[in-house]
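# Working through the structure, step by step
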Amino acid sequence: MSVAKKDYKKITTKSLVDMKAQGEKISMLTAYDYTMAKIVDSAGVDVILVGDSASNVMAGHETTLPITLDQMIYHASSVVRAVDRALVVVDLPFGTYQSDPKEALRSAIRIMKESGGHAVKLEGGSEIKDSIKKILNAGIPVMGHLGLTPQSIYKFGTYTVRAKEEAEAEKLLEDAKLLERLGCFALVLEKIPAALAEKVASQLHIPVIGIGAGSGVDGQVLVLHDMIGMTHEFSPRFLRRYMNLYEDMSQAIGQYVTDVKTKDFPNANEQY
């Protein structure tokens, strides 16, 4: 007998824990601006991630490293103004939390105060535990992120699947348990073997959200622009494109150019 799912009018960190306990999968997408966030929220997505992937998607950088705290706050505040239901999680950008717990706290406070975001996300495990503790002690919710951590791309040297070897897999599981003990309310696992991700999710009480981590976790996240096909150069195995907006928009814009050149636009009904 199926159990009716609760209709959450507002998603909170507690809502996500409850959803895991009830076996309800969590949906999560990125957004970086008001207009797109309005659409994502109204479509019923549970969590909106204002990701540092804005560095790639919105600014055209090769990596996530160049985006600044001020820029993340700008994107996050635009998203927050659009959202009625979803939980808004904001990435702390590279260089704002890794080495100094006090700086990590200052960065997190700025995001919460200046953007109105609901939580922050940090990449890493035991190596950033002091920063996580400092932020949590201030009452700011923290989402963890393990596996492929894009802010460490120059350390890894590649975007390949992480934790395939036993030693790295064991460390990832230990780090996941540590993040739960510290008080993180959820965890993202990126691009790791599905069996390992399922093992992590089964051993944690907090929800585990995957990207390229298989179906055995508690929810899924994708970059919105990839999912709706606005980007077309990036085609990893885990990406399902639900639209092909790159092609549709290109055709529409090309038709507009043609209509302007041929004087078809505006016609008699499109002027005063």
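Before any of the text, the structure's been laid out above.
Let me begin by describing the structure that accompanies this report. Throughout this description, residue numbers start from 1 for each chain and increase along the sequence as written. Totals for whole chains, interfaces and linings use every residue, but because this is a predicted model, local features are given only for residues with pLDDT of at least 70 and side-chain atom pairs only at 80 or more, for both listing and counting. Hydrogens are left out, water is left out, and the side-chain values use all remaining heavy atoms of the structure.

Helix numbering and strand numbering both begin at the N terminus, where a helix is a DSSP run of H or I of at least 4 residues and a strand a DSSP run of E of at least 2. Expected span of a helix, by definition, is 1.5 Å for each gap between consecutive residues, and there is one gap fewer than residues. With 15 residues, helix α5 (residues 101-115) extends 21 Å from end C-alpha to end C-alpha; this agrees with the ideal 21 Å at 1.5 Å per step. Buried within α5 are the following residues: Ala 104, Leu 105, Ser 107, Ala 108, Ile 111 and Ser 115. For α5, the arc enclosing every buried residue in end-on projection is 165 degrees, short of the 170-degree limit, so these residues lie on one face. Residues of α5 that are exposed and point over 90 degrees away from its buried face: Lys 102, Arg 106 and Lys 113. Burial classes: relative accessible area under 20% of the type maximum marks a residue as buried, over 50% as exposed, and values in between as partly exposed (1.4 Å probe, protein chains only). Our arc is simply the arc of the directions from the helix axis toward the C-beta atoms.

What follows deals with a nonpolar patch on the surface. Residues qualify for a patch when their relative accessible area is over 30% and they have no salt bridge, like charges being joined within 9 Å and the nonpolar side chains of Val, Leu, Ile, Met, Phe, Trp and Tyr within 5 Å. The protein chains shown are the only cover counted for residues, whose accessible areas, like all others here, come from Shrake-Rupley with a 1.4 Å probe. The rule for a salt bridge is simple: a side-chain nitrogen of Lys or Arg has to be within 4 Å of a carboxyl oxygen of Asp or Glu. Together, Met 249, Ile 253, Tyr 256, Val 257, Val 260 and Phe 265 make up a nonpolar patch on the protein surface, roughly 530 Å² of accessible area in all. Its location among the elements puts Phe 265 in the segment after α11 (245-261).

With that settled, the discussion passes to the pairing of strand β8 (residues 219-222). Two strands are counted as paired when DSSP detects at least two bridges linking them. Judged from the four bridges that link them, strand β1 (residues 26-30) and β8 form a sheet pairing that is parallel. By the bridge assignment for β8, Ile 26 is matched with Gly 219. One ladder, built from two bridges, connects strand β7 (residues 208-211) with β8; its direction is parallel. By the bridge assignment for β8, Gly 210 is matched with Gln 220.

This brings us to the pattern of salt bridges. Scanning the model with the defined rule gives nine salt bridges in all. A salt bridge links Asp 18 to Lys 14; the nearest nitrogen and oxygen atoms lie 2.9 Å apart. Of this pair, Asp 18 and Lys 14 both sit in helix α1 (residues 13-22), four residues apart, which is roughly one turn of the helix. Overall, the relative accessible area of 21% leaves Asp 18 in the partly exposed class. With a closest N to O distance of 2.9 Å, Lys 121 and Asp 91 form a salt bridge. Pair noted here: Lys 121 is in strand β4 (residues 119-121) and Asp 91 is in strand β3 (residues 87-91), with a separation of 30 residues, a long-range link.

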